[in-house]
Amino acid sequence: MPESTTTAARRGDPDWEALRRAAVVAMEKAYAPYSRFPVGAAALLDDGRVVSGCNVENASYGLTLCAECTLVGQIRMGGGGLIRAFYCVDGDGSVLMPCGRCRQLLYEFRAPDMVLMTGHGVKTMDEVLPDAFGPQHLEEVRPESPDGAGGEA
Ligand SMILES: O=c1ccn([C@H]2C[C@H](O)[C@@H](CO)O2)c(=O)[nH]1
Ligand SMILES: [Zn+2]
């Protein structure tokens, strides 16, 4: 058993059904008139809170925000935090994999034992985004850690 799974088990398995329901509620708020492909995402944070997001499209199609983008905004607006568990659904309520860009967005805010529900069961962040680029690859030391709310004037 990989170390990340061991840690997750010690902290108690996430309530996947509650996360799925939160993702469905978020999906129902999607603004997807162009693709007609609503998406909802929900995340359990390390402090036990659940945050969610939906996709928000734009007449300039390429400006579309994926559900994960608005979810990350919610994490920050709620005071920060790290993701322990993640669940994303499409309009049918079926589990959906985050796109590549969103895997990178989520990686920034991962708890060390973060897991994601996928069509092939529960996976670790490293399994869905191996050899990820992250703050560790930047030369400069980052001014704040991603689990805080920031607070600079
Ligand atoms: O990870 C993903 C992948 C796609 N979408 C949205 C973007 C677009 O609005 C619609 C179709 O691509 O699905 C997300 O919200 N998250
Ligand atoms: Zn995406």
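Rules of the game
Residues numbered from 1 in each chain as written. Chains lettered and ligands numbered in written order. Predicted model: local features only at pLDDT ≥ 70, side-chain atom pairs only at ≥ 80, totals over all residues. Heavy atoms only, no water. Buried < 20%, exposed > 50% of the residue type's maximum accessible area, 1.4 Å probe, protein only. Helix = DSSP H or I, 4+ residues; strand = E, 2+ residues; numbered from the N terminus. Arc of directions from axis to C-beta. Donors = N, O, S within 2.8 Å, 3.2 Å for Na, K, Ca; no water. Axes fitted to C-alpha atoms, helices over the stretch in contact; angles between N-to-C directions. Parallel < 35°, antiparallel > 145°, perpendicular 65-115°, else oblique. Left-handed = near helix turned anticlockwise from the far one by under 90°. Contact = heavy atoms within 4.5 Å. Nonpolar A, V, L, I, M, F, W, Y, C, P; charged D, E, K, R; others polar.

K.L.:
How would you explain helix α4 (residues 100-108) if you had to name every residue and give the values?
P.N.:
Three- or four-residue spacings in an α-helix give side chains the same orientation, since the helix completes a turn every 3.6 residues. Listing the buried residues of α4 in full gives C102, L106 and Y107. The arc enclosing the buried residues of α4, seen along the axis, measures out at 150 degrees, which places them on a common side. Exposed residues lying more than 90 degrees from the buried face of α4 are G100 and R101.

K.L.:
Report on the coordination of the zinc ion (ligand 2), specifying residues and quantitative values.
P.N.:
The protein atoms donating to the zinc ion (ligand 2) are C66 (SG), C99 (SG) and C102 (SG), with metal-donor distances spanning 2.2 to 2.3 Å. Each donor residue of the zinc ion (ligand 2) lies on one chain, and together they are spaced C-x32-C-x2-C. Placement of the pair is C66 in the loop between β2 (50-54) and α3 (67-77) and C99 in the loop between β3 (83-89) and α4, with a sequence separation of 33 residues. Given the relative accessible area of 36%, C99 is considered partly exposed.

K.L.:
I'd love a proper account of the packing of α3 against α4, names of residues and values included.
P.N.:
Where α3 meets α4, the closest approach of the two axes is 9 Å, and the angle between their N-to-C directions is 15 degrees. Taken as axis vectors, α3 and α4 run roughly parallel relative to one another. α4 is crossed by α3, and the crossing has left-handed handedness. Counted together, E68, C69, L71 and V72 of α3 and R101, C102, L105 and L106 of α4 form the full contact between these two elements. For the contact of α3 with α4, the per-class residue count stands at six nonpolar, no polar and two charged.

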